[in-house]
Amino acid sequence: MIKRNLVPLFCLVLIFLGCKGTEKEKEKATERPNILFAIMDDATYMHMSAYGCSWVDTPNFDRVAANGLLFNRAYTANAKCAPSRSNILTGRNSWQLEEAANHWPVFPTKFKVFTETLAENGYNVGYTGKGWAPGIAKHEDGSKRELLIKAFSEIKTTPPTPKISNVDYAANFDAFLQQKEDKPFFFWYGGIEPHRAYEYGSGIAKGGKSLSDIPDTDVYDFWPTVDSVKTDLLDYAFEIEYFDQQLGKMLQNLEARGELNNTLIVVTSDNGMPFPRIKGQEYEYSNHLPLAVMWADGIEHPGRTIDDFISFIDFAPTFLEVAKVPMEKNDMQPITGRSFADILYSEKDGIVNSKRDHVLIGKERHDVGRPHDQGYPIRGIVRDSMLYLQNFETDRWPVGNPERGYPNTDGSPTKTVLLPNVYAKNDDFNYWKWSFGKRPGQELYNIVRDPDCLNNLALSADHQTILTDLHEHLFDALRKQEDPRVLGNGDLFDSYEYADKGGVNFYERYGQDEQLRWGWFNDTDFQDLSNVKRVQESLEP
């Protein structure tokens, strides 16, 4: 009799515990996650070991990917530091951002950023290292505007080379967590690595690497396979690994605090590697970036690989969605990007949302070095396996004038190797032309077969249909987004102030003004090509 009475009692206990468990799960599901956004400075997507690179070791990026999602098609909308970060923060494309389309801008006060919105909606927000930069941001009253709310960069360390930042990223993250109030956080880990300059040979001397680590096939075809280029690549790899080590310390910190599972961790880079024909351009290696996302409490099916196209303008709406910021409490300018939270919650891998079939890219003024600080405007679209580019001012030099050192290509051992090829009598001349020469109005590449973007299909009779289709798709989208460049007011971008007083009017001031500075490229980069016949013959109409 007693046993018979115990059975229903036992069932009631199970039901009670089950209801309580369900309530906890519901409570957990409604929690707003912490967000750790880790962004490298100048790293191309394929140079993470999770993507199969054998000479860069990134165990912590790989951990995020393995326990979350690895994205194969993440693209910045503009492959340069400041505009790329402006895209991220506003959720808008560069041509929608007025001055912030450019590098070294004065950030317009009208554009509120998602970090400010998060801070107004219950998030503790901070950053370490490089936030939004370079440029100037002020409030309407002229006071300094900190787009990432509060900096945590005071704690220093002794880095492995003097070219690596002395900001102790992990220790500053810990300082941020120690002062965290009882609310979720957003933290921006802005590594300054692998931005140049590097300590030459550090990858070998301090990273334990060797030239034989890099297969010749991993040296892009637009560079010669020589030791100095490989040494440069190993130094770049060493700095990526330093960033990854700091990321690992942050993950350990979150784990020790019991915060790891409810933290959405996003790891990426702002633009491609700081090498010729990549950073500051709009080719495949310029805009295609690494992306891994981990969130134990939010991603129910981790370990997936995603092939949907993700634009950097998609970060802002994604963060606002997972942070459950109500639309009525978001007074940012209309966001163009689309949240990819559905991908986080999905069970699928490969293509999750078939509507994510393309990204738009482009640029205006990056580093100065042309008369009157003119930019080199480009618009482009990546769809399926094709990259289409429209170059608007083909009479201009794409990376800056030769007699001013090609400033939109950072000084480097690789750049130094390429420049003398302008005098070559054989096909080595192409090493100069591919990185520094003038370009045609239209470029079309199959980035699956030709990721180096060397075989321009724009003049191929077999590709005119796809060329026209991509051109129309691109320009229809730009018109809808009210791009001044395609609406006949493109000169507006060149009229905006270049906020770096030390470099403004570079072309005109060079040789005349002792205050002029150009620390990001070398004195030996300057070339007078006025009498080089092959250059004159190579200039596109």
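It should be emphasised that the depicted structure is a prediction, and the values quoted were computed from it without experimental measurement.

A.B. asks: Got a sec to walk through helix 5 (residues 169-178)? Specific residues and values, please.
C.D. replies: All buried positions along helix 5 are accounted for by Tyr-169, Ala-170, Asn-172, Phe-173, Phe-176 and Leu-177. In an axial view of helix 5, the angular spread of the buried residues amounts to 160°, which keeps them on one side of the axis.

A.B. asks: Describe the state of the cysteines, and please don't skip the residues or the numbers.
C.D. replies: Counting across every chain of the model gives 0 disulfides. Unpaired in terms of disulfides, Cys-453 finds its nearest cysteine sulfur in Cys-53, a separation of 19 Å.

A.B. asks: Lay out the nonpolar core in plain terms, naming residues and giving numbers.
C.D. replies: Formed by 67 residues in total, the largest nonpolar core has its most connected members in Trp-55, Phe-173, Tyr-189, Trp-223, Leu-233, Ile-265 and Trp-432. When contributions to this core are tallied by element, the ones reaching two or more residues are strand 1 (34-40), helix 2 (59-66), helix 5, strand 7 (185-190), helix 7 (227-256), strand 8 (263-269), strand 10 (291-294) and helix 12 (429-436). A total of 13 residues in this core trace back to one element, the largest contributor, which is helix 7. Excluding anything up to four places from it in sequence, Leu-233 contacts Trp-55, Ile-214, Val-219, Trp-223, Met-273 and Phe-275. Ranked by size, the runner-up nonpolar core spans 47 residues in total, among them Leu-97, Phe-107, Ile-310 and Val-322.

A.B. asks: How would you explain the packing of helix 5 against helix 7 if you had to name every residue and give the values?
C.D. replies: Put simply, helix 5 and helix 7 touch, their axes get as near as 8 Å, and they point 25° apart. One finds that helix 5 runs roughly parallel with respect to helix 7. Note on packing geometry: the crossing formed by helix 5 with helix 7 is right-handed. Here helix 5 contributes Tyr-169, Ala-170, Phe-173, Asp-174 and Leu-177 to the contact with helix 7, which in turn contributes Tyr-242, Gln-246, Lys-249, Met-250, Asn-253 and Leu-254. Its residues assigned to classes, the contact of helix 5 with helix 7 comprises 7 nonpolar, 2 polar and 2 charged.

A.B. asks: Can you lay out the pairing of strand 15 (residues 386-391) for me, pointing to particular residues and giving the numbers?
C.D. replies: Of all 6 residues that make up strand 15, 6 are buried, and the element is covered over most of its length. Burial of strand 15 is two-sided: the residues Met-386, Tyr-388 and Gln-390 facing one way and the residues Leu-387, Leu-389 and Asn-391 facing the other way are all buried. Pairing geometry for strand 14 (residues 378-383) and strand 15, over 6 bridges, is antiparallel. In the strand pairing of strand 15, Ile-381 is matched with Tyr-388. In textbook terms, the turn of a hairpin is the stretch between consecutive antiparallel strands, and for strand 14 and strand 15 this stretch comprises 2 residues, one of which, Asp-384, has a positive phi near 55°. For strand 15 and strand 16 (residues 442-446), the ladder comprises 5 bridges, and the chain directions are antiparallel.

A.B. asks: Break down the pattern of salt bridges for me, citing the residues and quoting the values.
C.D. replies: Applying the stated criterion across every chain, the model contains 27 salt bridges. With its nearest N and O atoms 3.0 Å apart, the salt bridge here joins Arg-85 to Asp-270. Taken together, the residues Arg-85 in helix 3 (residues 81-90) and Asp-270 in the loop between strand 8 and helix 8 (284-287) connect sequence positions 185 residues apart. Judged on exposure class, the residue Arg-85 and its partner Asp-270 are both buried. As a salt-bridge pair, Glu-98 and Lys-110 come within 3.0 Å of each other at their nearest N and O atoms. On the criterion of sequence distance, the pair formed by Glu-98 in the loop between helix 3 and strand 4 (106-107) and Lys-110 in the loop between strand 4 and helix 4 (114-120) is long-range, its members being 12 residues apart.

A.B. asks: How would you explain helix 12 if you had to name every residue and give the values?
C.D. replies: Structurally, the α-helix is built with 3.6 residues per turn, so residues lying three or four positions apart point the same way. Looking at helix 12, one finds that the buried residues are Phe-429, Tyr-431, Trp-432, Ser-435 and Phe-436. Within helix 12, the buried residues cover an arc of 165° as seen down the axis, which keeps them to one side. Where helix 12 is buried, its residues contact helix 11 (413-418) and helix 16 (533-538).

A.B. asks: Mind laying out the side chain of Ser-49, listing which residues take part and the relevant values?
C.D. replies: Inspection of the secondary structure puts Ser-49 in the loop between strand 1 and helix 2. Here the side chain of Ser-49 touches Thr-58 through a polar contact of 2.9 Å, side chain to side chain. With sequence-adjacent residues up to four places away left out, Ser-49 is seen in contact with Val-56, Asp-57, Thr-58, Pro-59 and Asp-62.

A.B. asks: I'd like to hear about the confidence of the model for the chain, residue by residue, with values.
C.D. replies: On average, residues of the chain carry a pLDDT of 94, and 94% of them reach 70 or more. Per-element mean pLDDT across the chain ranges from 44 in helix 1 (residues 2-30) up to 99 in strand 1.

A.B. asks: Outline unusual backbone geometry, listing residues and values.
C.D. replies: For the bond running from Ala-133 to Pro-134, omega is -5°, close enough to zero to count as cis. Geometrically, the link from Glu-193 to Pro-194 is a cis peptide bond, its omega value of 0° lying close to zero. One non-glycine residue with positive phi stands out, namely His-372, at about 60°. Looking at the secondary structure, you find His-372 in the loop between strand 13 (358-363) and strand 14. For His-372, a relative accessible area of 57% gives the class exposed.

A.B. asks: How would you explain the sheet that holds strand 3 (residues 74-75) if you had to name every residue and give the values?
C.D. replies: Reading across the sheet, the 3 strands line up as 9-3-12 and stay open at both edges, with mixed pairing between neighbours. The open sheet terminates on both sides in strands that have one partner only, identified here as strand 9 (288-289) and strand 12 (310-311). In this structure, strand 3 lies alongside strand 12, joined through 2 bridges in parallel fashion. Residue pairing across strands places Ala-74 opposite Ile-310, the latter belonging to strand 12.

A.B. asks: A description of the pairing of strand 7 should follow, citing residues and the corresponding values.
C.D. replies: Extensive coverage of strand 7 is indicated by the burial of 6 of its 6 residues. Of the two faces of strand 7, the one lined by Phe-185, Phe-187 and Tyr-189 and the one lined by Phe-186, Trp-188 and Gly-190 are each fully buried. With 5 bridges connecting them, strand 1 and strand 7 associate as parallel partners. Directly across from Ala-38, in strand 7, lies its bridge partner Tyr-189. In this sheet, strand 7 lies alongside strand 5 (residues 124-129) in parallel orientation, the contact comprising 6 bridges. For Gly-126, the partnering residue across the bridge sits in strand 7 and is Phe-187.

Cut-off values and rules
Residues numbered from 1 in each chain as written. Predicted model: local features only at pLDDT ≥ 70, side-chain atom pairs only at ≥ 80, totals over all residues. Heavy atoms only, no water. Buried < 20%, exposed > 50% of the residue type's maximum accessible area, 1.4 Å probe, protein only. Helix = DSSP H or I, 4+ residues; strand = E, 2+ residues; numbered from the N terminus. Arc of directions from axis to C-beta. Disulfide = S-S within 2.5 Å. Core = buried A, V, L, I, M, F, W, Y, C linked by side-chain atoms within 4.5 Å. Contact = heavy atoms within 4.5 Å. Axes fitted to C-alpha atoms, helices over the stretch in contact; angles between N-to-C directions. Parallel < 35°, antiparallel > 145°, perpendicular 65-115°, else oblique. Left-handed = near helix turned anticlockwise from the far one by under 90°. Nonpolar A, V, L, I, M, F, W, Y, C, P; charged D, E, K, R; others polar. Pairing = 2+ DSSP bridges. Salt bridge = Lys/Arg side-chain N within 4 Å of Asp/Glu carboxyl O. Polar contact = N/O pair within 3.5 Å; in protein donor to acceptor, adjacent residues only side chain to side chain. pLDDT = per-residue confidence, 0-100.

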